[in-house]
Amino acid sequence: MSKPIRIGTRDSELALWQAKIVQSQLEHLGHQTVLVPVKSTGDIVLDKPIYELGITGVFTKTLDMAMLAGQIDIAVHSFKDVPTVLPKGIVQAAVIKRGNVRDCLVFNDNEEFLSQREAIIATGSLRRRAQWLNRYPTHTIVGLRGNVNSRLEKLENSDWNGAIFAAAGLGRLDIKPDESFNLEWMVPAPAQGAIMVTALESDQDVQTICAEINHEETQIATGIERKFLNLLEGGCSAPIGGLCFIKEEEVHFQGVLLSLDGTKKIEVQRTVALGAHHDLAQFCADYIIERGGTRLMDDLKKSTKPVNVYSTKSLTDDQKQLFHEDVVVDSSDFIKISFNRLTSKVLRPLPKNVIFTSKNAVESLLTNFSSEELKFKNIYCVGIRTKRLVERRIGKVKHTENNAKALAQHLVEYIEGTEITYFCSDIRLDELPTILAKNHIDVKEVIAYETKYDAQHIDETAKHIMFYSPSTVQSFKRENVVEDDMIAFCIGDTTAKEAKKDFKEVRVAKMPSVESVVKLVNQYYKD
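The text that follows walks through the structure, step by step, so that each part is easy to find.

Rules behind the numbers
- Residues numbered from 1 in each chain as written.
- Predicted model: local features only at pLDDT ≥ 70, side-chain atom pairs only at ≥ 80, totals over all residues.
- Heavy atoms only, no water.
- Pairing = 2+ DSSP bridges.
- Helix = DSSP H or I, 4+ residues; strand = E, 2+ residues; numbered from the N terminus.
- Axes fitted to C-alpha atoms, helices over the stretch in contact; angles between N-to-C directions.
- Contact = heavy atoms within 4.5 Å.
- Phe/Tyr/Trp six-rings, centres within 6.5 Å; stacked < 30°, edge-to-face > 60°.
- Buried < 20%, exposed > 50% of the residue type's maximum accessible area, 1.4 Å probe, protein only.
- Lys NZ or Arg CZ within 6 Å of the ring centre and 35° of its normal.
- Polar contact = N/O pair within 3.5 Å; in protein donor to acceptor, adjacent residues only side chain to side chain.
- Right-handed = clockwise from strand over helix to strand, strands pointing away.

1. Describing the sheet that holds strand S17 (residues 353–356)
Then step 1. Within the open sheet, the 6 strands sit side by side as S16-S21-S20-S17-S18-S19. Their pairing is mixed. The sheet is open, and its two borders are formed by strand S16 (335–339) and strand S19 (399–401), each paired with just one other strand. Across the sheet, the axes of successive neighbouring strands diverge by a mean angle of 25 degrees, strand direction being ignored.
Then step 2. Two elements, S16 and strand S21 (residues 442–453), share 5 bridges in a ladder whose sense is antiparallel. Within S21, the position partnered with Ile337 by the bridge is Thr451.
Then step 3. Contacts from helix H12 (residues 384–393) reach S17, strand S18 (378–382) and S19, with the element oriented near 150 degrees to S18.
Then step 4. Along the sheet, helix H13 (residues 404–414) makes contact with S17, S18, S19 and strand S20 (419–425), crossing S18 at roughly 150 degrees.

2. Some thoughts on the packing of aromatic side chains
Then step 1. Going through the model one piece at a time under the given rule, you end up with 14 aromatic pairs.
Then step 2. Look at Phe356 and Phe423: their rings are 5.4 Å apart centre to centre, the planes differ by 15 degrees, and that puts the pair in the stacked class. Taken together, the residues Phe356 in strand S17 and Phe423 in strand S20 connect sequence positions 67 residues apart. The same class applies to Phe356 as to Phe423, namely buried.
Then step 3. Pairing Phe467 with Phe476 gives two aromatic rings, centres 5.4 Å apart and planes at 80 degrees, and the pair type is edge-to-face. Here the two residues Phe467 and Phe476 agree in accessibility, since each one is buried.
Then step 4. An aromatic cluster is present here, built from Tyr310, Phe334, Phe467, Phe476 and Phe503 joined pairwise through their rings.
Then step 5. The positively charged end of Arg270 is found above the aromatic ring belonging to Phe283, 3.8 Å away from the centroid.

3. So, the side chain of Thr33
Then step 1. As for its placement among the helices and strands, Thr33 is situated in strand S2 (residues 33–38).
Then step 2. A polar side-chain atom of Thr33 sits 3.1 Å from a polar atom in the side chain of Gln23.
Then step 3. At 2.7 Å, the side chain of Thr33 forms a polar contact with the side chain of Glu27.
Then step 4. Residues in contact with Thr33, not counting those within four places in the same chain, are Pro4, Ile5, Ile7, Gln23, Leu26 and Glu27.

4. Regarding the pairing of strand S24 (residues 505–508)
Then step 1. Across 4 bridges, strand S23 (residues 487–490) lies against S24 in parallel orientation. Among the inter-strand pairings, Ile487 is bridged to a residue of S24, identified as Glu505.
Then step 2. With respect to chirality, the unit in which S23 leads through helix H16 (residues 493–499) into the neighbouring parallel S24 is right-handed.

Shown next as structure tokens:
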């Protein structure tokens, strides 16, 4: 080219170092160059984690715009910051030989905290956060943004135990502290440690020049990593790691996908011959997807949206997958159960007729007595799941109903004798014992377990609340204000009766099960 190649770069110290490496290699080949520094959104907005900025290519967008406007000829990027799909009109022109791929832990004082239950680690990366919590689940993670020097300064002036950096960044600036070591167990970000150059698709001359500094082995490895990332539909907002390297004519790949809290991790490792590597990323992405990756990615996508449904009972992963696509659900147990210590006097003499209105009562008895000691003649239950537990662990159920009132009415007509033992909670509705007492049936109550309120204050965006017992409604009201536009989705009539005291709109499930309440919520969103 007759005129100098204009090299666009961010103006941070590390970005300038990377740009100067490219500049040096191009000038060594006889090409004239000039650096054109610009400031990116990612460098300006430092008070939020990258994944909260809502911008694709937060560190690259400004350079893309400058290139499309004809202000620069090429742009130099830290490859891991580049979106897997480049803007229309811009192409990958070169990848420089890769540096250190690893993450590095820089620590204050000493490393003893690694064996302790409590520790504070700083990072602004969801990938690093998730992998650290997967390995050290009791540690606390705090956010950390800024350039390398400012992050090191924040660490030094804090009470944190350590912070995680890219080893390549520390090494390139020659500021790696003595109090640090590489995390060989942590899977790095796809293309970490590599420098990438982009150019205009229409500028064939510049592309030809950049091809002279391209490192083919690094290009192959980072290409596989980034395709893996793209196939999982991830970016800096997803905890995805990928590392590929070539050794002795073999291509080795390791990939990982985690939940945000690190409790779930799906890993893949595969080695193929060089030349047979073109489907490696696809194979590894499919492996992750087939083992729950789709579910994890769906959860990650929903995590960025406000919660609109809240369950007052903790939901399993399988239950969460049953919801309509527009539902973003959160859950926790609004009541805590504590089984009571029951003595043998409870079974002397062995009751002929007994009532269980919840699985908790059944489980309490089973923690105190063996199944052989619980051979009651007539067992009555509320709820199909309570019945299933009783018949699996104790014996045949004589009769079951969906609610306590219906069961009481049945007993008035069909009970054998005039006595019955009711295994219940310290918090229970009066309806069943009141109906039986009015009809001259003597009810002996045994407090099998205690129910404690343990409500959470929920986000104001959650307008649809799922309830499973009157006590979950009562617990909810202790920490939350019932607003006019809230809807209560209830497991049964007794729960709905309690909800109607405060909620203007109450909907009742057809069957007394969590899944039935989920269906109720889904029907609302379909309508």
